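Given next are the chains, with one letter for each unit.
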Amino acid sequence: MIIIAGLGNPGAKYEKNRHNIGFMAADEISRRWRFGPERAKFQSIVSEGQVETADGPVKVLLMKPQTYMNESGRAVGEAARFYKIKPSEIIVFHDEIDLAPGRFRMKTGGGAAGQNGVRSLISHLGPDFRRARMGVGHPGEKELVMPHVLGDFHKAEQPWLDAMLQACADALPFAAGGDDERYQGEVMRLAPAPKFSPRQAARGEL
């Protein structure tokens, strides 16, 4: 069994924010793999299902922590302790400002790079969980980061966003089977990142 956690903030106010791309990924995975009904558990909205891999089906606990982003580790840590799941069996989908919009990278271990949800997870799990980093771009100035991630995706961003979310769900058997490098490659093959200039990104002209 593995845990897949999508990070975000609860409530309609945040639903379409860039910071909530992890929730969006979790919803797409649930749809694609026909997970069971959602319920409240582990300070989260959870659902269960399985993903078919080359080595057979893998059971998945899918989580959307309801603790707000900055306390995500409390929820995921509680579930991990309950099921005795190691950090290497936890995949966390989250927004990443250090990646251009539409870029996708898998990473295990390392620091938080300013992502407070990841920082919280490190404090509860240690650093060695697997991160599915979903690029939302950097606004160009440090003081603009918070309004950027707490802002909604632009309509012009919807095509790459939809493609990346679908690719993350479709390619999931590779991640569920433990092959993060193949998973990363397949997501980017199915949903190539859009071409744009950093200056356009900083102005929101994607």
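This report concerns the structure included in the present document. (Residues numbered from 1 in each chain as written. Predicted model: local features only at pLDDT ≥ 70, side-chain atom pairs only at ≥ 80, totals over all residues. Heavy atoms only, no water.)

### Quick word on the overall build of the protein
The helix and strand tally for the protein stands at eight helices and seven strands. For 206 residues, the compact-globule formula gives about 17 Å, and the C-alpha radius of gyration of the protein, at 16 Å, lands near that figure. In terms of principal-axis extent, the alpha carbons of the protein reach across some 45 × 35 × 30 Å. Looking at the 206 residues of the protein, the share that counts as buried comes to 51%. Partitioning the contacts of the protein with sequence separation of at least 6, the portion at a separation of at least 24 is 66%. Of the roughly 9800 Å² of accessible surface on the protein, a fraction of 51% belongs to carbon and sulfur atoms. (Helix = DSSP H or I, 4+ residues; strand = E, 2+ residues; numbered from the N terminus. Rg over C-alpha atoms; globule rule 2.2 N^0.38 Å. Buried < 20%, exposed > 50% of the residue type's maximum accessible area, 1.4 Å probe, protein only. Contact = heavy atoms within 4.5 Å. Areas by Shrake-Rupley, 256 points an atom, 1.4 Å probe, with all protein chains shown as cover.)

### Points about the pairing of strand E3 (residues 44-53)
Sheet topology places strand E2 (residues 39-41) next to E3; three bridges connect them, and they run antiparallel. Across the sheet, Ala40 pairs through a bridge with Ile45, a residue of E3. Counting the residues that bridge the hairpin from E2 to E3 gives two residues, and of these Phe42 lies at a positive phi of roughly 55°. Pairing of E3 with strand E4 (residues 56-65), which is carried by ten bridges, proceeds in the antiparallel orientation. Bridge assignment links Ile45 to a residue of E4, and that residue is Lys64. The hairpin formed by E3 and E4 contains two residues between the paired strands. (Pairing = 2+ DSSP bridges.)

### Some words on the packing of helix H5 (residues 158-170) against helix H7 (residues 180-190)
In contact at an axis separation of 8 Å, H5 and H7 are set at 140° when each is read in the N-to-C sense. It follows from the interaxial angle that H5 and H7 lie oblique. Considering how the two elements wind past one another, H5 and H7 form a crossing that is right-handed. Counting all contacts with H5, which are made through Ala167, Cys168 and Asp170, the residues of H7 involved are Tyr183, Val187 and Leu190. Looking at side-chain class alone, the contact of H5 with H7 contains five nonpolar, no polar and one charged residues. (Axes fitted to C-alpha atoms, helices over the stretch in contact; angles between N-to-C directions. Parallel < 35°, antiparallel > 145°, perpendicular 65-115°, else oblique. Left-handed = near helix turned anticlockwise from the far one by under 90°. Nonpolar A, V, L, I, M, F, W, Y, C, P; charged D, E, K, R; others polar.)

### Observations concerning the nonpolar core
Counting 40 residues, the largest nonpolar core has Ile4, Ile29, Phe93, Phe104, Met134, Leu172 and Tyr183 as its most contacted members. When residues in this core are grouped by element, the largest group, seven residues, is from H5. By size, the runner-up hydrophobic cluster in this structure holds 20 residues, among which are Ile3, Met69, Val76 and Leu121. (Core = buried A, V, L, I, M, F, W, Y, C linked by side-chain atoms within 4.5 Å.)

### So, the packing of aromatic side chains
Considering all chains together, one arrives at six aromatic pairs under this definition. Here Tyr14 and Tyr68 contribute two aromatic rings whose centre-to-centre distance is 6.2 Å and whose plane-to-plane angle is 85°, an arrangement assigned as edge-to-face. Of this pair, Tyr14 sits in the loop between strand E1 (2-6) and helix H1 (21-32) while Tyr68 sits in the loop between E4 and helix H2 (72-83); the two residues are 54 residues apart in sequence, bridging distant segments of the chain. By relative accessible area, which is 18% here, Tyr14 ends up buried. Assessed through its relative accessible area of 42%, Tyr68 is described here as partly exposed. An angle of 85° between the planes, with centres 4.9 Å apart, marks the rings of Phe82 and Tyr83 as edge-to-face. (Phe/Tyr/Trp six-rings, centres within 6.5 Å; stacked < 30°, edge-to-face > 60°.)

### Here's the deal with the environment of Arg133
Looking at where Arg133 falls in the secondary structure, it is placed in strand E7 (residues 130-135). For Arg133, a relative accessible area of 16% corresponds to the buried category. For the pair Arg133 and Leu99, spaced 34 residues apart in the sequence, the C-alpha separation amounts to 8.0 Å. When residues no more than four places from it in sequence are discounted, the contact partners of Arg133 are His94, Glu96, Leu99, Arg103, Phe104, Arg105 and Lys107.

### Overview of the pattern of salt bridges
In this structure the tally under the stated criterion is twelve salt bridges. Arg133 serves as the salt-bridge partner of Glu96, at 3.1 Å between the closest nitrogen and oxygen. Note that Glu96 is positioned in strand E5 (residues 90-96) and Arg133 in strand E7, a separation of 37 residues in sequence. Side by side, Glu96 and Arg133 carry an identical accessibility label, which is buried. A single salt-bridge network, built from bridges that share partners, covers Asp27, Glu38 and Lys64. (Salt bridge = Lys/Arg side-chain N within 4 Å of Asp/Glu carboxyl O.)

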